[in-house]
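These are the residues of each chain, in order.
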Amino acid sequence: MPPSLTGERLTGIAFVVVAARDHPLASVKGSIAKSELTKHVQLVLTDRTSLSEGREFGVMSPQTWRLADLFAKHAFLLNGLGWGGMPLHTVERDISEGRLVELSIET
């Protein structure tokens, strides 16, 4: 990170991994093996700047679609185009209304 930037950890923001209700991963019962995740497209939020160039955060699949906008990622998730992590408050309603399913990932 450039010396002009200061990093600060944000607390209190829950993060969940989700997929559309009709995505193949949504039908898996229990924890999903990481080897299974690699068979599916992961939607990844990307940084348009060079600050994180060459670094990966939470990428678990070699098949990725990178989006630079959280709202676009949300739309892709709702339409079953992949799976990915989202802040809980952005998908809470979709989960409660059955449009998205929270995935349990093997640790």
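Reference entry: report on the structure contained in this document. Since the structure is predicted, the reported quantities are computational estimates derived from the model, not experimental observations.

## Here we look at helix α2 (residues 70–78)
In step 1: Lys 73, His 74 and Leu 77 are the residues of α2 that are buried. Mapping the buried residues of α2 onto a view down its axis gives an arc of 100 degrees, with all of them on the same face.
In step 2: For α2, the secondary structure elements touched by its buried residues are β1 (15–20), β2 (42–45), β3 (64–67), β4 (83–87), α3 (88–96) and β5 (100–102).
In step 3: Measuring from the backbone nitrogen of Phe 71 back to the side-chain oxygen at the start of α2 gives 2.8 Å, which picks out Asp 69 as the cap.

## Considerations on the nonpolar core
In step 1: Counting nine residues, the largest nonpolar core is built from Val 16, Val 18, Val 41, Leu 43, Leu 67, Leu 77, Met 86, Val 91 and Leu 100.
In step 2: Leu 77 has contacts with Val 18, Ala 20, Leu 43, Gly 82, Trp 83, Gly 84, Met 86 and Leu 100, leaving out every residue within four places of it along the chain.
In step 3: With eight residues, the next largest nonpolar core counts Ala 19, Leu 25, Ile 32 and Trp 83 among its residues.

Rules and cut-offs
- Residues numbered from 1 in each chain as written.
- Predicted model: local features only at pLDDT ≥ 70, side-chain atom pairs only at ≥ 80, totals over all residues.
- Heavy atoms only, no water.
- Buried < 20%, exposed > 50% of the residue type's maximum accessible area, 1.4 Å probe, protein only.
- Helix = DSSP H or I, 4+ residues; strand = E, 2+ residues; numbered from the N terminus.
- Arc of directions from axis to C-beta.
- Contact = heavy atoms within 4.5 Å.
- Polar contact = N/O pair within 3.5 Å; in protein donor to acceptor, adjacent residues only side chain to side chain.
- Core = buried A, V, L, I, M, F, W, Y, C linked by side-chain atoms within 4.5 Å.

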